[in-house]
Amino acid sequence: MLRRFTAGRSIARRLAQGQAQPARLFSTSQPRKADITLTVDGKEVTVPQGTALIQACEAAGAAVPRFCYHDRLAIAGNCRMCLVEVERSPKPVASCAMPAMPGSKVFTNTPLVHKAREGVMEFLLANHPLDCPICDQGGECDLQDQSMRYGSDRTRFHEITGKRAVENKDLGPIVKTSMNRCIQCTRCVRFANDVAGVEELGTTGRGNDLQIGMYIEKTMDSEMSGNIIDLCPVGALTSKPYAFQARPWELKKTESIDVLDAVGSNIRVDSRGVQVMRIQPKINDEINEEWINDKTRYAYDGLKYQRLTTPLVREGDRFVPASWEHAMDTIRHGLQSSGAKGDEIKAVAGHTADTESLVALKDFINRLGSENLTLDQSLGDAPPVTGVDVRSNYLFNTGIENVGEADAVLLIGTNPRHEAAIINTRFRKSYLQTGAEFGLIGEDFDSVFEYDHVGTSPSDVEAFLSGKAVKGKGKGENDFARIWKEAKKPLIVVGSAVVEGKDGAAVLKAISKHVLANEKKFVTPEWNGFSILQRAASRAAAYDAGFTPSPTSTNTTPKFVYLLNADEIDPSTIPENAFVVYQGHHGDLGAQFADVCLPGAAYTEKSSTWVNTEGRSQLGRVAVVPPGASREDWKIIRALSEIVGSPIPYDDIIQLRQRMWDISPTLVRYDVIEKPSLEFIKLGLQLLSTPPSTTKAASTTPFKKPINDFYRTDAISRASVTMAACSKAFTKKEYDIASVDEAGSAQASYA
Amino acid sequence: MSVARSLLSSVRTAVVRPAGRRAFTSSSSRLSESLFVHRDTDYNNPNISFEFDAANMKRAQEIIARYPPQYKKAAVMPLLDLGQRQNKGWTSISVMNAVAKLLEMPKMRVYEVATFYTMYNREPVAPNFLQLCTTTPCQLGGCGSTKILETISTHLGIEPGQSTKDGKFTFIEVECLGACSNAPMMQVGDDFYEDLTPETTIKILDALAKGEKPKPGPQSGRMTSENSAGLTTLTGKPYGPGEFCQPEFQ
């Protein structure tokens, strides 16, 4: 039913750039298709062979209306809105399903085309309710927009039996359905099946009775389900949390970066006044394409609850609101009276700490004579086993864009579906389109691709990579060990939990030895098959900035603890009598231990740098002002340093970014990935393969998934009502599907 | 045009306007004839187990073997039919699930097929499943299918789409079954009963009710779709091979 065109948006981009990507095409085996030339509306345009005609028209600057066609999905060709006239063709052709032919003459703006499209539109509107005023899609509705151009102002269609009526489906706490509005473009079905891996969504019935659904009563259990709301060209699928909240033209749109995982998805924050109304994906082909996961999209309501809006000082067993001066002064007194000296001053950086504040905090703590800079993770007190000297030892070196090229992927102690849902969709794509094979060493998970479970523990990693048969495995043609040996572009993805775990050094030793032994396959100018998958937005930046303890500094018992967004902290690591400062935006776990809470800004409220798991630094932007008395995080640290008496030497963001440049130029080279040389990568791997002699041998304790509840992983998503509902519905599987009668009574019959 | 429109709207007002509602603001909704979503009932839910029996499993494997192994799912339609036959003539959700499991395809892909085609009955049917063709040729041919429809309705006391109380008959209207030359016709189970008249229809129904199986085919006594007035051509004995050829070829 569905045809595939490989030529996607990348063609348009290449055309826009006017040339092919340099250097890489020379050595990769990707076929380069011959270019063909055709004429669109009298304008000559050259596109690669196999391009859909609609793409060629776009390239020629002719806008073609469409409903079912989407350049990241398979082609369905069922809405017929994209009809164009082709010379010597007896009737208009659907340009999305027609390959561009050399020398053909295409017309997109003739009376025939207009009449054809008007006819299609009339049929679509025949069964479409006239409820635009109460429809959430209003203002961003493809059908509404295109009916302005091609719609008739009155109907010629009086069906005695009435308009088609379809009952609404309950897909869960995120997607709201109004199925009467559906025009059966099947974009959601194609997305769910091809990208999200929800094979339960489909079409039932036929002809006029065709409807979208799951046939049985079921929720759409996917971390990517929110994207079908964007894809829906009409108001059939709208957002439940955003229902009747705002109209698109009221919203201020700010392009920013997501921080709820380490992928660094590009987002657009839509705000009204001081409130974030919704979060939408922003297209970035190198990272998230056009998708974002549901946590990124819907955790924004957590920004409204549990916020720290004013400095708080602990008095006895309660927090008392205080002025900034009072709070800062209390910290100065606390630092003095705790008697903390040198490494007894400890800083802990959490998952959502931005790069600027990490750099400022490191400089501040260093100035106080301490090297005790730890990360909010298990064994965060120890220097990371990856080291921080070689970037390629802790980054996702392969690059998100390139993971699809891998022909065999070995996942070690990671569940990409929860740790990096966007990368997981890329895996799904390569699983479907290029037939990539997957193997997993670690805890089983509900995957959207098939994998061979080749082990569970660190010792299994050693065994598998040294070619020994893992117990109960190694049979049959689809044996992953054989595939792994024959793979041309193998990829090892090591989960951040492995690196943070007790066996991190041993596992990395085994892996780096394997990679070095097969370096012709793993480390080439075009391919780096050794990747660490970080799951916290601040982690790569913390390593880049050297926010790590010196080997001896953590031997002391801290007397003064500074928690920067540290909400996953193990309470036992905070001594009873230490003076604790918490700086962050939510009153979550970390704030409970604080003597003083300093209200910081959340990611939508500050313009800060984020480094994603690939080592790509990106700049987030201010969408709304921080609530109450809260301030940008680096400014708080700067102010505190002055009050404490050792001011850090930068007064504005420009000077701070210069400081970041001094630490690592990659931190402020935005939107690009710095590729290290092969020699450097190998040097890093050699470091990993010769860990200190104290390293213990790999144990047989199975790897554990670091994320058990995808919807509640950080202070923001834990404060979100929507995420709580999702967690209940999808993680705990406690969701009562609203019966049709209930849904029906709430609905008026319009139109 | 305007006459037609006013005519139409008057028909519309007369037919569908609900009391107390003005046609200006609302139009009636056209609901589908059958439900295209599944609702769990005590007779149709995924917990009722269904498995192909040994004989049918053998048949199923034969059917699957007709297709290349990577396109195993191509066997979905014959397997659904097989399941429907084993499951007393209807395709329950369990039949669909069993087929999906056997073919290793997502369940929804099977549901899509089963809801697309009208001959997969997703509700239980009686042992005598009457499918009366009411498409134009049957409506016009012979005595006309309208008469047959009335006959069946009055004789069994049910409307199309219903089953008799005794559970012996289910009666539906269907579109063309491809026996137009023997119109009007109906299908009972797998058999065609053609050239129907009200009398022969009642005879068939009575026989079916008794548990007998009347002879399928044209009820007028003619052979298949031969001319009922007797043959007009090809009446002689057909000649054998080479009969009129040169002697050496005979």
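Only a predicted model underlies this, so the values are computations on that prediction, with no experimental measurement involved.

About the thresholds
Residues numbered from 1 in each chain as written. Chains lettered and ligands numbered in written order. Predicted model: local features only at pLDDT ≥ 70, side-chain atom pairs only at ≥ 80, totals over all residues. Heavy atoms only, no water. Helix = DSSP H or I, 4+ residues; strand = E, 2+ residues; numbered from the N terminus. Buried < 20%, exposed > 50% of the residue type's maximum accessible area, 1.4 Å probe, protein only. Areas by Shrake-Rupley, 256 points an atom, 1.4 Å probe, with all protein chains shown as cover. Rg over C-alpha atoms; globule rule 2.2 N^0.38 Å. Contact = heavy atoms within 4.5 Å. UniProt positions renumbered as here; feature names shortened; annotations may be inferred. Phe/Tyr/Trp six-rings, centres within 6.5 Å; stacked < 30°, edge-to-face > 60°. Core = buried A, V, L, I, M, F, W, Y, C linked by side-chain atoms within 4.5 Å. Domains from an automatic or database assignment. Patch = residues over 30% accessible without salt bridge, like charges linked within 9 Å, V, L, I, M, F, W, Y side chains within 5 Å. Salt bridge = Lys/Arg side-chain N within 4 Å of Asp/Glu carboxyl O. Polar contact = N/O pair within 3.5 Å; in protein donor to acceptor, adjacent residues only side chain to side chain. Axes fitted to C-alpha atoms, helices over the stretch in contact; angles between N-to-C directions. Parallel < 35°, antiparallel > 145°, perpendicular 65-115°, else oblique. Left-handed = near helix turned anticlockwise from the far one by under 90°. Nonpolar A, V, L, I, M, F, W, Y, C, P; charged D, E, K, R; others polar. Pairing = 2+ DSSP bridges. pLDDT = per-residue confidence, 0-100. Expected span 1.5 Å × (residues − 1).

Turning our eyes to something else, we now look at the overall build of chain B. Across its full length, chain B holds eight helices and seven strands. Across the 250 residues in chain B, those meeting the buried criterion constitute 38%. Carbon and sulfur atoms provide 55% of the accessible area of chain B, an area that totals close to 15300 Å².

In terms of regular secondary structure, chain A is built from 25 helices and 27 strands. For a compact globule of 751 residues, the expected C-alpha radius of gyration is about 27 Å, and chain A comes in at 28 Å, within 12% of that figure. Counting only C-alpha atoms and orienting by the principal axes, one finds that chain A spans roughly 85 × 60 × 50 Å. The contacts in chain A between residues at least 6 apart in sequence include a share of 71% that link residues at least 24 apart. Counting every atom, chain A has about 30300 Å² of accessible surface; 52% of that belongs to carbon and sulfur.

Our focus in this paragraph is the UniProt feature "binding site: [2Fe-2S] cluster" (unreviewed entry) in chain B. Residues and elements named next belong to chain B. Under the UniProt annotation, "binding site: [2Fe-2S] cluster" (unreviewed entry) lies at Cys133, Cys138, Cys176 and Cys180. Taken together, the annotated residues stretch across 48 residues yet fold into one region, lying no more than 9.4 Å apart by C-alpha. Tracing the chain through its elements places Cys133 in strand β2 (residues 128-133). Ignoring sequence-local partners within four residues, the contact set of Cys133 consists of Cys138, Ser145, Val174, Glu175, Cys176, Leu177 and Met185. The topology assignment puts Cys180 in the loop between β4 (169-174) and β5 (186-188).

Those residues carrying the UniProt feature "domain: 4Fe-4S Mo/W bis-MGD-type" (unreviewed entry) are residues 251-307 of chain A in this numbering. Across residues 251-307 of chain A, helical content stands at 9% and strand content at 35%; the span's end C-alpha atoms are separated by 23 Å.

Quick look at the packing of aromatic side chains now. Under the definition given, this model contains 21 aromatic pairs over all chains. Where A:Phe464 meets A:Trp484, the ring centres are 6.4 Å apart and the plane angle is 50°; that geometry is what we call tilted. Of this pair, A:Phe464 sits in helix α13 (residues 458-465) while A:Trp484 sits in helix α14 (residues 480-486), and the two are 20 residues apart along the sequence. Judged on exposure class, the residue A:Phe464 and its partner A:Trp484 are both buried. Summarising the aromatic geometry, the rings of B:Phe50 and B:Phe52 are spaced 5.5 Å apart at their centres and angled 75° between planes, so their arrangement reads as edge-to-face.

Let us look at helix α4 (residues 93-103) of chain B. Residues and elements named next belong to chain B. Among the 11 residues in α4, 10 count as buried, and that is most of the element. Looking only at α4, the buried set comprises Ile93, Ser94, Val95, Met96, Asn97, Ala98, Val99, Ala100, Leu102 and Leu103. Structurally, α4 contributes buried residues whose contacts are with α2 (54-65), α3 (76-86) and α5 (107-116). Immediately downstream of α4, the backbone of Glu104 shows phi near 55°, a positive value.

Okay, the nonpolar core next. Residues and elements named next belong to chain A. Of all hydrophobic cores here, the largest spans 118 residues; its most connected members are Leu38, Leu53, Phe191, Phe427 and Tyr603. Looking at which element gives the most residues to this core, the answer is helix α6 (residues 187-196), with six residues. Composition of this core by domain shows at least three residues from each of domain 1 (35-109) and domain 2 (396-533). With residues near it in sequence (within four places) discarded, Leu38 still touches Lys43, Glu44, Val45, Val47, Leu53, Ala56, Ala100, Met101, Gly103, Ser104 and Val106. Counting residues in hydrophobic clusters, the runner-up holds 48 residues, among them Val313, Ala541, Val644 and Leu667.

The next subject is the domain arrangement of chain A. In terms of domains, chain A is made up of domain 1 (35-109) and domain 2 (396-533). Put simply, the middle of domain 1 of chain A and the middle of domain 2 of chain A, counted by C-alpha atoms, are 40 Å apart.

Moving on to the UniProt feature "domain: 4Fe-4S His(Cys)3-ligated-type" (unreviewed entry) in chain A. Sites flagged by UniProt as "domain: 4Fe-4S His(Cys)3-ligated-type" (unreviewed entry) map to residues 112-151 of chain A. Taken end to end, residues 112-151 of chain A comprises 60% helix and 0% strand; its first and last C-alpha atoms sit 15 Å apart.

Let us now look at a nonpolar patch on the surface. Residue and element names in this part refer to chain B. Residues Met77, Phe116 and Tyr117 make up a contiguous nonpolar surface patch of about 230 Å² in total accessible area. Mapped onto the elements of the fold, Phe116 is located in helix α5. Residue classification places Phe116 among the partly exposed residues on the basis of a relative accessible area of 31%.

The subject of this paragraph is the side chain of A:Arg307. All names here are of chain A. Here Arg307 is to be found in the loop between α8 (294-298) and β14 (312-315). Judged by its relative accessible area of 14%, Arg307 falls in the buried class. At a separation of 2.9 Å, a polar atom in the side chain of Arg307 contacts the main-chain carbonyl oxygen of His585. Engagement of the side chain of Arg307 in a polar contact is seen with the side chain of Glu605, the distance being 2.8 Å. Not counting residues within four places of it along the chain, the set of residues in contact with Arg307 comprises His585, His586, Gly600, Ala601, Ala602, Glu605 and Pro627.

All names here are of chain A. Interhelical geometry of helix α16 (residues 504-517) versus helix α22 (residues 678-689) gives an angle of 140° and a closest axis separation of 7 Å. On the basis of their axis angle, the class for α16 and α22 is oblique. When the axes of α16 and α22 are compared, the crossing they make is left-handed. Residues Leu508, Lys509, Ser512, Lys513, Val515 and Leu516 of α16 lie in contact with α22, whose contacting residues are Lys682, Leu685, Gln686, Leu688 and Ser689. Split by residue class, the contact of α16 with α22 holds five nonpolar, three polar and three charged.

So, on to the environment of B:Ser94. Residues and elements named next belong to chain B. Mapped onto the secondary structure, Ser94 falls in helix α4. On the basis of relative accessibility, which here comes to 5%, the residue Ser94 falls in the buried class. Between the C-alpha atom of Ser94 and that of Asn44, which follows or precedes it by 50 residues, the distance is 7.7 Å. Ignoring sequence-local partners within four residues, the contact set of Ser94 consists of Asn45, Pro46, Ile48 and Phe50. Among the polar contacts listed, one links the side chain of Ser94 to the backbone oxygen of Asn45, at a separation of 3.2 Å. Within the local environment of Ser94, its side chain forms a polar contact with the backbone oxygen of Ile48, the two atoms lying 2.6 Å apart.

It is worth spelling out the sheet that holds strand β25 (residues 596-599) of chain A at this point. All names here are of chain A. The seven strands are arranged β15-β14-β25-β24-β23-β16-β17 in an open sheet whose pairing can be described as mixed. Strand pairing shows two members of the sheet lacking a second neighbour, β15 (318-321) and β17 (373-375), which therefore form its edges. Here the average twist between neighbouring strands, direction ignored, is 20°. Two elements, strand β16 (residues 345-349) and strand β23 (residues 560-564), share five bridges in a ladder whose sense is parallel. For Lys346, the partnering residue across the bridge sits in β23 and is Val561. Together, β14, β16, β23, β24 (579-584) and β25 form the strand contacts of helix α9 (residues 324-338), whose direction differs from that of β25 by roughly 140°.

Turning our attention to the pairing of strand β13 (residues 275-281) of chain A. Among the seven residues of β13(A), six are classified as buried, and the element is accordingly described as predominantly covered. Hairpin remark: strand β12 (residues 266-272) of chain A followed by β13(A), antiparallel, with two residues in the connecting loop; positive phi at A:Gly273, about 60°.

Take the domain arrangement of chain B next. According to the domain assignment, chain B consists of domain 1 (41-116) and domain 2 (128-218). Here the C-alpha centroids of domain 1 of chain B and domain 2 of chain B sit 29 Å apart.

Looking now at the confidence of the model for chain B. For chain B, the average pLDDT comes to 87, and 89% of its residues sit at 70 or higher. Taken together, the stretch residues 1-25 of chain B has pLDDT below 50 and engages in 17 contacts with residues farther than four places along the chain or on a different chain.

To continue, consider the sheet that holds strand β4 (residues 93-94) of chain A. All names here are of chain A. Spatially, β2-β1-β5-β3-β4 is the arrangement adopted by the five strands of the open sheet, whose pairing is mixed. Unpaired on one side and paired on the other, β2 (43-48) and β4 mark the two borders of the sheet. Relative to strand β5 (residues 105-107), strand β3 (residues 83-86) is paired through two bridges, and the arrangement is antiparallel. When the sheet's bridge partners are listed, Val86 is paired in β5 with Val106. Here helix α4 (residues 111-126) sits on the sheet in contact with β3 and β5, set at roughly 155° to β3.

Let us look at α16(A). Spanning 14 residues, α16(A) covers 20 Å between terminal C-alpha atoms, matching the ideal 20 Å at 1.5 Å per step. Among the residues making up α16(A), those that are buried are A:Gly504, A:Ala505, A:Ala506, A:Val507, A:Leu508, A:Ala510, A:Ile511, A:Ser512, A:His514, A:Val515 and A:Leu516.

Let us now look at the environment of B:Tyr111. One can find B:Tyr111 in helix α5. Classification of B:Tyr111 as buried rests on a relative accessible area of 2%. The sequence separation of B:Tyr111 and B:Ala100 amounts to 11 residues, and the corresponding C-alpha distance is 9.0 Å. When sequence neighbours within four positions are dropped, the list of residues in contact with B:Tyr111 reads A:Met214, A:Tyr215, A:Ile216, B:Ile93, B:Met96 and B:Asn97.

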